[in-house]
Amino acid sequence: IIIYDSARAVHTDEVPLSQLIQIFPDPTSDILHIKSAVAIQQVEILNLQGQRLGYRQLDKAYSLGLSFHEEAPGIIIIKINTERGIMIQKVIIR
């Protein structure tokens, strides 16, 4: 799993974290994009058994690309830690 990041600042009001982070496309067979209006501090990728498949500590990233083109099909869990809290989402890998 390869994680790419870039930085851009965006101002947010008090809205739910799930509305501030976009994860797409889902399902994916190649690059999974994460765009956030709040700074992402770390991203963890887990399988359904809770085993860590990938981890990246970040310095205020607002945009990431996760490469899954060599991964086996299945369901993974993306755990995103931000300055506002934690968001967890299941993603289908084709």
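What comes next is a walk through the structure.

### Quick look at the pairing of strand β6 (residues 85-93)
Inference 1: Pairing geometry for strand β5 (residues 74-82) and β6, over nine bridges, is antiparallel. In the sheet register, Gly 74 faces β6, and the bridge partner there is Ile 93.
Inference 2: Counting the residues between successive antiparallel strands, the hairpin from β5 to β6 contains two residues.

### Focus: the pattern of salt bridges
Inference 1: With the rule as written, the count across this model stands at one salt bridge.
Inference 2: For Arg 52, the salt bridge is made with Glu 44, and the minimal N-O distance between the two is 3.0 Å.

### Regarding the side chain of Thr 82
Inference 1: One can find Thr 82 in strand β5.
Inference 2: Among the polar contacts made by the side chain of Thr 82, one reaches the main-chain amide nitrogen of Arg 84 at a distance of 3.0 Å.
Inference 3: If we ignore the near neighbours within four places in the chain, the residues touching Thr 82 are Leu 17, Ile 21, Val 38, Ala 39, Ile 40 and Gln 41.

Criteria and thresholds
Residues numbered from 1 in each chain as written. Predicted model: local features only at pLDDT ≥ 70, side-chain atom pairs only at ≥ 80, totals over all residues. Heavy atoms only, no water. Pairing = 2+ DSSP bridges. Helix = DSSP H or I, 4+ residues; strand = E, 2+ residues; numbered from the N terminus. Salt bridge = Lys/Arg side-chain N within 4 Å of Asp/Glu carboxyl O. Polar contact = N/O pair within 3.5 Å; in protein donor to acceptor, adjacent residues only side chain to side chain. Contact = heavy atoms within 4.5 Å.

Keep in mind these values describe shape, not function.
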